[in-house]
Amino acid sequence: QVQLVESGGGLVQAGGSLRLSCAASGRTFGIYVRGWFRQAPGKEREFVAAIDWSGAITYFADSVKGRFTISRDNAKNTVYLQMNSLKPEDTAVYYCAARDALRGGESDSRTYNYWGQGTQVTVSS
């Protein structure tokens, strides 16, 4: 089993920045893709960003391209989501995810095996 714990959420004004972290523990060997998803009240969970094992390949939702970056530190089993130029529509619970599948469907939540509990991000206008 793999345990994922998010941190770094909070309240920020529009235009501000936040950095989310997701630490993995347990059987982390073989976990290749790490991702972030979010869910706003009354909406379905949606893909935000993902990163492969090497950190060389990243994926982003169109809504966050150019504003968010994703990175990972494999020595610490931690993935980061740097969120800049935040907008009120970015308000949501952000979930960290991980999977052992190597390729394909990085934006599809159904391909992820493990999930964190979520951290709230609120952007005020």
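As shown above, the structure is provided for reference.
All of the points below concern the structure found in this document. (Residues numbered from 1 in each chain as written. Predicted model: local features only at pLDDT ≥ 70, side-chain atom pairs only at ≥ 80, totals over all residues. Heavy atoms only, no water.)

1. Quick word on the environment of L86
Right, so step 1: With respect to the helices, strands and loops of the structure, L86 is situated in the loop between β8 (78–83) and β9 (92–99).
Right, so step 2: Sequence spacing of L86 and A24 is 62 residues, and the spatial spacing of their C-alpha atoms is 26 Å.
Right, so step 3: What L86 contacts, discounting residues up to four positions off in sequence, is V12, A14, G15, G16, S17, L18, R67, F68 and V123. (Helix = DSSP H or I, 4+ residues; strand = E, 2+ residues; numbered from the N terminus. Contact = heavy atoms within 4.5 Å.)

2. Observations regarding unusual backbone geometry
Trans is the prevailing form of peptide bonds, just as negative phi is the prevailing case for residues other than glycine.
Right, so step 1: For N77, which is not glycine, the phi dihedral falls at a positive 55 degrees.
Right, so step 2: A relative accessible area of 26% places N77 in the partly exposed class.
Right, so step 3: Unlike most non-glycine residues, S85 shows phi in positive territory, near 50 degrees.
Right, so step 4: Tracing the sequence through the fold places S85 in the loop between β8 and β9. (Buried < 20%, exposed > 50% of the residue type's maximum accessible area, 1.4 Å probe, protein only.)

3. Topic: the nonpolar core
Right, so step 1: Of all hydrophobic cores here, the largest spans 34 residues; its most connected members are L4, W36, V48, F68, L81, M83 and Y94.
Right, so step 2: Those elements giving two or more residues to this core turn out to be β1 (2–7), β3 (18–26), β4 (33–39), β5 (46–51), β7 (68–73), β8, β9 and β11 (119–124). (Core = buried A, V, L, I, M, F, W, Y, C linked by side-chain atoms within 4.5 Å.)

4. So, the side chain of E106
Right, so step 1: Locating E106 in the fold gives a position in the loop between β9 and β10 (114–115).
Right, so step 2: There is a polar contact of 3.3 Å between the side chain of E106 and the side chain of Y59.
Right, so step 3: Leave out the neighbours within four places in its chain, and E106 touches V33, F37, F47, A50, Y59, R99 and Y112. (Polar contact = N/O pair within 3.5 Å; in protein donor to acceptor, adjacent residues only side chain to side chain.)

5. Remarks on the pattern of salt bridges
Right, so step 1: Per the stated rule, a full pass over the model turns up six salt bridges.
Right, so step 2: Between E46 and R38 there is a salt bridge, and its shortest N-O distance comes to 2.6 Å.
Right, so step 3: Overall, the relative accessible area of 5% leaves R38 in the buried class.
Right, so step 4: For R38, the salt bridge identified is with D90, shortest N-O distance 2.9 Å. Of this pair, R38 sits in strand β4 while D90 sits in the loop between β8 and β9, and the two are 52 residues apart along the sequence.
Right, so step 5: Salt bridges sharing common partners tie together R38, E46, R67 and D90. (Salt bridge = Lys/Arg side-chain N within 4 Å of Asp/Glu carboxyl O.)

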